[in-house]
Amino acid sequence: MERKKTFCLGDFQVEPGEKKSGYILIGNGEFELPITVLNGEKSGKTVLITAGIHGAEYVGIQSSIELAEHLKIEKIVGTVVIIKVVNRQAFEMRSGSEGFEDGVNLNRVFPGKETGSQMERLAYAIEKELFPCVDFYIDLHSGDNYEQLTPYIYYAGIAEPDVVEISRKMAEQADVPYMVRSGVARGGCYNYAACLGIPSVLIERGQMGGWTKEEAHFTRRDVRNILCCLGVYLGQKDYRNYYPLEVTDVSYQAATKMGMWYPYKKPGEMIRQGEVLGEVKDYEGRVLEVSRAEYDGVILYQTGSLQVKEGGPMIAYGKISKESDNRKQKIIEYWTKRSDSFQEQRRAELHDDIAQRWLKEILQYVPKKRLKILDVGCGSGFFTILMAQQGHEVIGVDLTADMITRAKELAAEEKADCTFQIMDAENLEFADEAFDLVISRNLTWTLPNAQRAYGEWLRVLKKGGSLLNFDANYGISDCSDTSYLPQNHAHNQLGIELLQECEEIKRQLPISSYQRPAWDVGVLGNLGVRKLSLDFSVSNKIYVEKDEFYNPDPLFVISAMK
């Protein structure tokens, strides 16, 4: 194997396996910047992380300091370069987010000029001396002293298609509600880096020129997740509360007059076309300007100070594009790969004592009459078949077409009179109050929007009908770790790559970070169920031995009456 080389950035040299902090000089020695470099033992890509492009945006700066402290050199594959404050003089002299000497916004002048103003010279030095050394770029920002914002992330959108695709994948790792594809190629630091072939993102978290420990922690965690995604950091990605939805057609409204700004909304709030978002007034309270929404969308940031400048930022908002959320496609692709083995396992379960144990568990919640039942997320049809064999009218639905095919085959083998349809558990196509019972097994943990799914399941239930959901808090376990499972267990037959794919998807689902079933109880309570009960002893009754069907995660059952 080729020996890892010393990492050199000017006179700053870091040996393989070394973590080194200090200062680097760029721009012919004009700019001295605080730096930490983690040069891993193993060869790999180089990631540049910067903060303080704007000297008054403190969350990013504190996050970079903590990253330098907490990232472990033994887990680095390649090199991580952290510049803790780029616009150092502006930070130290409290000159806000503009250059101390020239009053220029550094993030508007890339690629800069060698003989230009102070910020133009700094931009030029970054492009010529930092960018040639790196493969990926993460820029850390927050709200200036007059900016309120909701956490979100930009990714480079004007570059070669592969650069844009990787930038978007990086953005998807952040635990923020929204991501925005940048529509410019020059001016901004990360935008211009992408033009040079470097996939890049910019994280926004924090506001009004302040910072908190929580904000710094979450930004640090976002960066770590991105590094794990890129294969530069050997660690398990953390779960998130959000999967960022894409925001498009961002409108950056500037004030046409100086005055007092009175916003009617807050960042993160949804807006409707034509809605008044705020007003600018003079000292006598006369309205000088009214800000109205050009379309439905979400507010990303707005001026939070009383005063707005003529031509200065007032509010920014954009449209939410749910079509860009590809998690369901990933889920379909994953379960398609597992449909054959899933069918084999369920076929075996139907002819094992475990089927009778499941039936006994279910029937204690089911009245002794013929019911119309919906098995939602039916997979290859285990519950559907089991309940149809008891004489009920049962429909099984699943998002994965191959699962439905396997369920039909299995039902034919078992001579079970039931039907199956391809359908999204979050968007059921049935009429209101169509079923006496909705039942589910190990589905909720796989859903991007489980709260919406619960609402749909209750919608299709008749009044007095019951919801029966068997699930586990799978978010707290690593499904790719099979060391504690029997040798003949299904997971040991799948292969590590498929299990890792499952884990990757799971970590993009907000439900994986919830405390369950407490979260489920709260959601169902807010949806207005009449009665609700929990049972945590399901696993003890179903999985009485560690065989090929064994589930090590403790199952619970939620029974709710509409």
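Whatever comes next refers back to the structure up there.
Everything quoted here is computed from the prediction, not taken from an experiment.

K.L.:
Describe the overall build of the protein, with residues and values.
P.N.:
Scanning the protein for helices and strands turns up 15 helices and 26 strands. In terms of overall dimensions, the protein has C-alpha extents of about 85 × 70 × 35 Å along its principal axes. Looking at the 562 residues of the protein, the share that counts as buried comes to 57%. Put simply, 72% of the contacts in the protein that link residues at least 6 apart link residues at least 24 apart.

K.L.:
Break down the sheet that holds strand β26 (residues 555–561) for me, citing the residues and quoting the values.
P.N.:
Where strands meet in a sheet, backbone hydrogen bonds hold them as pairs that are either parallel or antiparallel. Here seven strands make up an open sheet; going across it, the order is β22-β21-β20-β23-β24-β26-β25 and the pairing mixed. Strands at the two margins of the open sheet, each flanked by one partner only, are β22 (419–422) and β25 (531–535). Adjacent strand axes in the sheet meet at a mean angle of 15°, parallel and antiparallel pairs treated alike. By the bridge criterion, five bridges tie β25 to β26 in an arrangement that is antiparallel. If you follow L532 over to β26, its bridge partner there is A560.

K.L.:
An account of unusual backbone geometry is requested, with residue identities and associated values reported.
P.N.:
Going from F110 to P111, the amide bond is cis rather than trans, its omega being 15°. Locating P111 in the fold gives a position in the loop between α2 (88–92) and α3 (118–130). In this structure, P517 follows R516 across a cis peptide bond, with omega equal to 5°. Along the polypeptide, P517 turns up in the loop between α13 (496–506) and α14 (518–526). You will see that M208, though not glycine, has its phi angle at about 55°, which is positive. Looking at where M208 falls in the secondary structure, it is placed in the loop between β11 (200–204) and α6 (213–229).

K.L.:
Outline the sheet that holds strand β18 (residues 307–308), supporting the account with residue identities and numerical values.
P.N.:
Strand order in the open sheet made by the four strands is β16-β15-β13-β18, with antiparallel pairing throughout. Two strands in the sheet have a free side with no partner beyond their single neighbour: β16 (287–292) and β18. As paired elements, strand β15 (residues 276–281) and β16 share five bridges and run antiparallel to each other. Across the sheet, the residue bridging to V280 is E289, located in β16.

K.L.:
Account for the side chain of S182, with residues named and values stated.
P.N.:
By secondary structure assignment, the location of S182 is in the loop between β10 (178–181) and α5 (189–195). When neighbours within four sequence positions are excluded, S182 is seen to be in contact with Y155, A156, G157, I158, Y190 and N191.

K.L.:
Provide a residue-level description of empty space enclosed by the protein, including the pertinent values.
P.N.:
To find leftover empty space, a probe the size of one water molecule is rolled over the atoms. Summed over all chains, the structure comprises two cavities of 30 Å³ or more. Looking at the lining of the second largest cavity, the elements with two or more residues in it are α7 (327–350) and α13. Residues that form the lining of the second largest cavity fall into these classes: seven nonpolar, one polar and one charged.

K.L.:
Tell me what's going on with the layout of surface pockets, and back it up with residues and numbers.
P.N.:
In this structure, the largest pocket occupies an estimated 1,200 Å³ of space. Here the lining of the largest pocket takes eight residues from strand β12 (residues 245–254), the largest share from any one element. Residues of the lining of the largest pocket, tallied by class, amount to 18 nonpolar, 19 polar and 11 charged. Volume-wise, the second largest pocket comes out at about 710 Å³.

K.L.:
Can you explain the side chain of T150? Please cite residues and give values.
P.N.:
Locating T150 in the fold gives a position in the loop between β8 (147–149) and β9 (152–155). What T150 contacts, discounting residues up to four positions off in sequence, is P177, Y178, E204, P267, G268, I299 and L300.

K.L.:
Account for a nonpolar patch on the surface, naming residues and giving values.
P.N.:
A cluster of nonpolar side chains, contributed by Y262, Y264 and L306, occupies part of the molecular surface with about 310 Å² of accessible area. Within the fold, Y262 resides in strand β13 (residues 259–263). A residue is classified by how much of its surface remains accessible, and Y262, at 35% relative accessible area, is partly exposed.

K.L.:
Explain helix α11 (residues 450–459) residue by residue, including any values.
P.N.:
Think of an α-helix as turning once every 3.6 residues; residues three or four places apart then point the same way. Those residues of α11 that fall on the buried side of the exposure criterion are A450, A453, Y454, E456, W457 and L458. Turning to α11, the residues buried within the fold contact β20 (372–376), β23 (435–441), β24 (461–472), α14 and β26.

K.L.:
Any details on the packing of aromatic side chains? Residues and values, ideally.
P.N.:
Counted under the stated rule, the structure contains 18 aromatic pairs. Their ring planes at 70° and their centres at 5.1 Å tell us that Y152 and Y154 sit as a pair that is edge-to-face. With respect to class, Y152 is no different from Y154; both count as buried. Between Y514 and W519, the ring centres sit 4.6 Å apart and the planes meet at 20°, which makes this aromatic pair stacked. What links up through ring pairs into an aromatic cluster is the set W358, F382, F383 and F470. Positioned over the ring face of Y262 is K281, at 5.4 Å from the centre of the ring. Of note, K372 hangs over the ring of F435, and the distance from its end group to the ring centre comes to 5.2 Å.

K.L.:
An account of the nonpolar core is requested, with residue identities and associated values reported.
P.N.:
Membership of the largest hydrophobic core comes to 74 residues, with the highest contact counts inside it found for W358, L374 and W457. Setting aside residues no more than four positions away along its own chain, W457 makes contact with V376, A425, L428, V438, S440, L443, T444, L447, L467 and N469.

Cut-off values and rules
- Residues numbered from 1 in each chain as written.
- Predicted model: local features only at pLDDT ≥ 70, side-chain atom pairs only at ≥ 80, totals over all residues.
- Heavy atoms only, no water.
- Helix = DSSP H or I, 4+ residues; strand = E, 2+ residues; numbered from the N terminus.
- Buried < 20%, exposed > 50% of the residue type's maximum accessible area, 1.4 Å probe, protein only.
- Contact = heavy atoms within 4.5 Å.
- Pairing = 2+ DSSP bridges.
- Axes fitted to C-alpha atoms, helices over the stretch in contact; angles between N-to-C directions.
- 1 Å grid on protein atoms, 1.4 Å probe; cavity = no way out; pocket = protein on both sides within 12 Å on 5 of 7 lines; lining within 4 Å.
- Points joined across faces, edges and corners; volume = space filled by probe spheres on them.
- Nonpolar A, V, L, I, M, F, W, Y, C, P; charged D, E, K, R; others polar.
- Patch = residues over 30% accessible without salt bridge, like charges linked within 9 Å, V, L, I, M, F, W, Y side chains within 5 Å.
- Areas by Shrake-Rupley, 256 points an atom, 1.4 Å probe, with all protein chains shown as cover.
- Salt bridge = Lys/Arg side-chain N within 4 Å of Asp/Glu carboxyl O.
- Phe/Tyr/Trp six-rings, centres within 6.5 Å; stacked < 30°, edge-to-face > 60°.
- Lys NZ or Arg CZ within 6 Å of the ring centre and 35° of its normal.
- Core = buried A, V, L, I, M, F, W, Y, C linked by side-chain atoms within 4.5 Å.

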